[in-house]
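Take a look at the letters that make up each chain.
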Amino acid sequence: MNMIVSRKFTALLAAGLGLSVVAGCNTSSSNQTPSAGAVRSSGETAPTDLQLLCAAKTAEELKVTGGNVLPVSSMPSGESAYQVNLTFDGGQAVCIIDETGTVQSISPA
Amino acid sequence: MIKLPSAFRTLLGWLPALAVLVFAGMALAQSFQTQIYDPTTRKWVDYTPRAAAKFYNRHGQSPEEFRRQVVPFRTAEKPGTIIIDGDRHFLYLVQPNFQAIRYGIGVGRDGFGWAGIVKIGRMQEWPTWTPPPEMIARDPESAKWANGMPGGPDNPLGARAMYLYVGNKDSIYRIHGTNQPWTIGLNISSGCIRLNNEDVSDLYSRVEVGAKVIVLMQGAALYKGV
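Note that the structure is predicted; figures quoted are calculated from it, not measured.

### Remarks on the overall build of chain B
And then number 1: Each helix and strand counted, chain B has 4 helices and 13 strands in total.
And then number 2: Across the 226 residues of chain B, 45% fall into the buried class.
And then number 3: A fraction of 64% describes how many contacts in chain B between residues 6 or more apart in sequence connect residues 24 or more apart.
And then number 4: As displayed, chain B has an accessible area near 11,500 Å², and 54% of this comes from carbon and sulfur atoms.

Quick look at the structure:
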């Protein structure tokens, strides 16, 4: 009888521990739960300012007349960088920029 | 030499611009949509006009992300420049010290998005709205305003309008207010950029004719200027 009670207690303890672990996971993940009313875009582009930094650097590097270089598309490139595709009067270019705002490369396309 | 009627010559002059507009309408390869987090289902759902109206009716304003706020902004553009990110539904007004004022916006619906580098050519308080002929064709109700709807709270252009020019030519696009404030965050216009009336008045008070306006929209065809 004592053995049965002991087994039941052990099982309950294990279940409780298991639940607490699950609850712990939930608590942890709840920190990442968006707040009500949070919004996002359905697609992932480079942050606006990084796109413009690429455009400015490209205008400077490629000596674009008038300096008007327009980002036309962008996408993640690796874990912490973005590829920004650019157009300007007379050409196109591809710029890679990291999240800190450092331009890694500019290639005429 | 054949002498063409002046109206026809005017139309010919606008053909390149019209071609660009048609191209812009056809070339929106990838339309980004706003999504909103639904805490009930714990899922991101599309921020449709219906969802937007429901949110606005419940909260009396748009989601917090779309409310006016100062944000860090690393850019080489000079203060006073306007940068519009149509994909994320934000308009940035560049400020000194790598900051910007960010406003929520509504942009062109599928087929009406565009990108380019333009400038503010004219500004107007409580502007008159004149529906273009193609809008009247789509919506006969608008015909009564064919000669212009006076400015006021029911006017679709809202409290202020900033007319976007390419060189000295009106692009037909504007940054303006709205009589439908719940539409901020949506792809809903005919290509104009709309803010709620309070925000457009704030922006209007901070910008000048001649300000550079950079419009980003992934997949949209380019307007002129680049």
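### Details of the interface of chain B and chain A
And then number 1: Between chain B and chain A, the residue contacts involve 36 residues of the former and 35 residues of the latter.
And then number 2: The contact between chain B and chain A buries some 2,800 Å² in all, and 61% of this surface belongs to carbon and sulfur atoms.
And then number 3: Our enumeration of links across chain B and chain A arrives at 1 salt bridge.
And then number 4: For the salt bridge of Arg 74 of chain B with Asp 49 of chain A, the shortest nitrogen-to-oxygen distance reads 3.2 Å.
And then number 5: Inspection of the region where chain B meets chain A yields 10 residue pairs in polar contact (both at pLDDT 80 or more).
And then number 6: When contributions to the side of chain B that touches chain A are tallied by element, the ones reaching two or more residues are β1 (34-38), β4 (82-85), β8 (116-125) and β13 (212-216) of chain B.
And then number 7: Considered class by class, the residues forming the side of chain B that touches chain A number 21 nonpolar, 9 polar and 6 charged.
And then number 8: Two strands pair when backbone bridges link them, and strand β1 (residues 39-41) of chain A and β1 of chain B are joined in this way by 3 bridges, in the antiparallel orientation. In the sheet register, Val 39 of chain A faces β1 of chain B, and the bridge partner there is Ile 36 of chain B.

### Some details on the pairing of strand β5 (residues 103-108) of chain A
Walk down a regular strand and you will see the side chains alternate between the two sheet faces.
Residues and elements named next belong to chain A.
And then number 1: Inspection of the sheet shows strand β4 (residues 91-98) paired to β5 by 5 bridges, in the antiparallel sense. Along β5, the bridge assignment pairs Ala 93 with Pro 108.
And then number 2: Counting the residues that bridge the hairpin from β4 to β5 gives 4 residues, and of these Gly 101 lies at a positive phi of roughly 95 degrees.

### As for the UniProt feature "active site" (unreviewed entry) in chain B
Residue and element names in this part refer to chain B.
And then number 1: Feature annotation in UniProt places "active site" (unreviewed entry) on His 176 and Cys 192, given in this structure's numbering. Their sequence span is 17 residues, while the largest C-alpha to C-alpha distance among them is just 7.5 Å; these annotated residues converge on one region.
And then number 2: Taking relative accessible area as the criterion, His 176 reaches 5% and is therefore assigned buried.
And then number 3: Not counting residues up to four positions away in its chain, the partners in contact with His 176 are Pro 156, Leu 157, Arg 160, Ala 161, Cys 192, Ile 193, Arg 194, Leu 195 and Val 200.

### Comments concerning the sheet that holds β1 of chain B
And then number 1: Strands sit in the order β1(A)-β1(B)-β2(B) across an open sheet of 3 strands; the sheet is antiparallel. The open sheet has two free edges, formed respectively by β1 of chain A together with β2 (43-46) of chain B, since each of these has just one partner strand. Strand after strand, the sheet turns through a mean of 40 degrees between neighbouring axes, direction not considered.
And then number 2: Note that β1 of chain B and β2 of chain B share 4 bridges and pair antiparallel. When the bridges of β2 of chain B are listed, Ile 36 of chain B appears paired with Val 45 of chain B.

Reading the values: rules and limits
- Residues numbered from 1 in each chain as written.
- Chains lettered and ligands numbered in written order.
- Predicted model: local features only at pLDDT ≥ 70, side-chain atom pairs only at ≥ 80, totals over all residues.
- Heavy atoms only, no water.
- Helix = DSSP H or I, 4+ residues; strand = E, 2+ residues; numbered from the N terminus.
- Buried < 20%, exposed > 50% of the residue type's maximum accessible area, 1.4 Å probe, protein only.
- Contact = heavy atoms within 4.5 Å.
- Areas by Shrake-Rupley, 256 points an atom, 1.4 Å probe, with all protein chains shown as cover.
- Buried area = accessible area lost by both parts, 1.4 Å probe.
- Salt bridge = Lys/Arg side-chain N within 4 Å of Asp/Glu carboxyl O.
- Polar contact = N/O pair within 3.5 Å; in protein donor to acceptor, adjacent residues only side chain to side chain.
- Nonpolar A, V, L, I, M, F, W, Y, C, P; charged D, E, K, R; others polar.
- Pairing = 2+ DSSP bridges.
- UniProt positions renumbered as here; feature names shortened; annotations may be inferred.
- Axes fitted to C-alpha atoms, helices over the stretch in contact; angles between N-to-C directions.

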